[in-house]
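Remarks on the overall topology
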Amino acid sequence: MATLSPLPPEGALNLALAVVASSSAPLLLLDGDLTVIAVSDSFCREFQIEPVEVPSRRLSSLGNGEWNVRQLSSLLHATAAGAANIHAYEMDLDRNGQASRRLVLNAQKLDYGDPDHIRLLLSVSDVTDARLAEKLKDDLLREKEILLQEVQHRVANSLQIIASILMQSARKVPSEETRTHLQSAHNRVLSIAAVQQQLATSRLGDVRLRPYFEQLCKSLGASMIQDPNELSIEVNVDDSMTKANVSVSLGLIVTELVINALKHAFPGHRNGKIIVDYHSNKTQWWMSVSDDGVGVPADPASSKPGLGTGIVEAMAKQLEAEFTTVAAKPGTKVSIVHI
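Residues numbered from 1 in each chain as written. Predicted model: local features only at pLDDT ≥ 70, side-chain atom pairs only at ≥ 80, totals over all residues. Heavy atoms only, no water.

Oppositely charged side chains can pair when the atoms bearing their charge come close. In total, this model carries 13 salt bridges according to the counting rule given. Two residues, Glu90 and Arg131, come together in a salt bridge whose shortest N-O distance is 2.4 Å. Of the two residues, Glu90 is situated in strand E3 (residues 86–93) and Arg131 in helix H4 (residues 128–172); the sequence distance between them amounts to 41 residues. For Arg131, a relative accessible area of 30% corresponds to the partly exposed category. Where Asp139 meets Arg142, a salt bridge forms, and the shortest distance between an N and an O atom there is 2.2 Å. Taken together, the residues span about one helical turn, with Asp139 and Arg142 both in helix H4 at a distance of 3 residues. Here Asp139 falls in the partly exposed class, since its relative accessible area comes to 27%. Residue Arg142 is classed as partly exposed on the basis of its relative accessible area, which comes to 47%. Here the salt bridges share partners, and the residues they tie into one network are Glu90, Asp92, Arg102, Arg131 and Glu134. (Salt bridge = Lys/Arg side-chain N within 4 Å of Asp/Glu carboxyl O. Helix = DSSP H or I, 4+ residues; strand = E, 2+ residues; numbered from the N terminus. Buried < 20%, exposed > 50% of the residue type's maximum accessible area, 1.4 Å probe, protein only.)

And the structure:
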């Protein structure tokens, strides 16, 4: 790489003066005593200072003394001595009768090859509007979070009310078939409430699946298992995390499969266990819900897919996963695989 010969001190100073004079950003050229050698027109316009009043004055005496900031002066003297450079130093500029302005300053010592004449280049940026915009954005985000929490709270209450109404209706109707449908709807509402509660507590864009499934299955067991000594739900999930929208679909699949197993796999107070399993490897994942119950009926008419199966198939298709049901001997195993 070719190197340029250093300019003589007089030429270097003239170059610095030309840079300051033509700058569209507020710039000051100072000497070692912080006396102004040159100032850009943009600096004078920005801070309402008459250009003719600036040359040969100390920085601390500009305007009405608002630039007389002890910490700034100390940092500039340290920069002049070669002990430091000022990088993104922030300060408030307070002027009588005007709103305070937030400034960001940068300063460095210029190497002229003339140690007897120190020169500092000081740049000033007004970031007041940018800081106000950031604060407004933060305030809006906090307000949005509060509103979201309120919405989630009301949704949770509404789901609980709906579940209670369904259960009360199920107790009153004389038809066994209608009662069964209402109880099924009640269980589904409770499971959706569990999904909503788990997702509402997550502050991140991703959801950790093990605690999510554990809470979901705990809620399902509490609402549908009368005797925990007869039936249990086991969750076998690794440390996988997934996007919130994907976790909703997975939660609905688990809900439907567990409800289906609780309703059909253990007739006559039969003892048994339901296992929810999930493992992943990068973009591939495997999920299954298995039981050790009576298994799939041999009669095709008795094993006609119901609403729950349709929901699971739709969710699996949405996740671009393959849905299969096999006899587990004993019981049944339903797998959802994404490869």
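Next comes the rest of the account.
Glancing now at unusual backbone geometry. The linkage connecting Lys329 with the following residue, Pro330, adopts the cis geometry, with an omega of 5°. Residue placement: Pro330 occurs in the loop between strand E11 (322–327) and strand E12 (332–338). Its identity as a non-glycine residue notwithstanding, Ala88 has a phi of 55°, on the positive side. One can find Ala88 in strand E3.

As a further point, take the sheet that holds E11. Strand order in the open sheet made by the 5 strands is E7-E9-E10-E12-E11, with mixed pairing throughout. At either end of the open sheet lies a strand with only one pairing partner, and these are strand E7 (231–237) and E11. Ignoring which end each strand starts from, the neighbouring axes of this sheet average 10° apart. Bridge analysis of E11 against E12 gives 6 bridges, and the strand direction is antiparallel. (Pairing = 2+ DSSP bridges. Axes fitted to C-alpha atoms, helices over the stretch in contact; angles between N-to-C directions.)

Right, let's talk about the confidence of the model for the chain for a bit. The predicted model of the chain averages 83 in pLDDT, with 87% of residues at 70 or higher. When the criterion is pLDDT under 50, residues 1–7 qualifies, and its contacts beyond four places in sequence or with other chains add up to 3 contacts. (pLDDT = per-residue confidence, 0-100. Contact = heavy atoms within 4.5 Å.)

Attention now moves to the environment of Glu320. Residue position: Glu320 is located in the loop between helix H8 (307–318) and E11. Residues Glu320 and Ile339 lie 19 residues apart in sequence; the distance between their C-alpha atoms is 8.9 Å.

Another aspect to go through is the packing of aromatic side chains. Under the defined criterion, the tally for this structure stands at 6 aromatic pairs. Both rings, one in Phe47 and one in Trp67, keep their centres 5.2 Å apart while their planes meet at 90°; by these two values the pair is edge-to-face. Note that Phe47 is positioned in helix H2 (residues 41–47) and Trp67 in the loop between H2 and helix H3 (70–80), a separation of 20 residues in sequence. Ring geometry for Phe213 and Tyr278: centres 6.2 Å apart, planes at 70°, overall edge-to-face. Remark: Tyr278 occurs in strand E9 (residues 272–281) and Phe213 occurs in helix H6 (residues 209–224); sequence separation between them is 65 residues. Of the aromatic side chains, those joined through ring pairs into one cluster are Tyr212, Phe213, Tyr278 and Trp285. (Phe/Tyr/Trp six-rings, centres within 6.5 Å; stacked < 30°, edge-to-face > 60°.)

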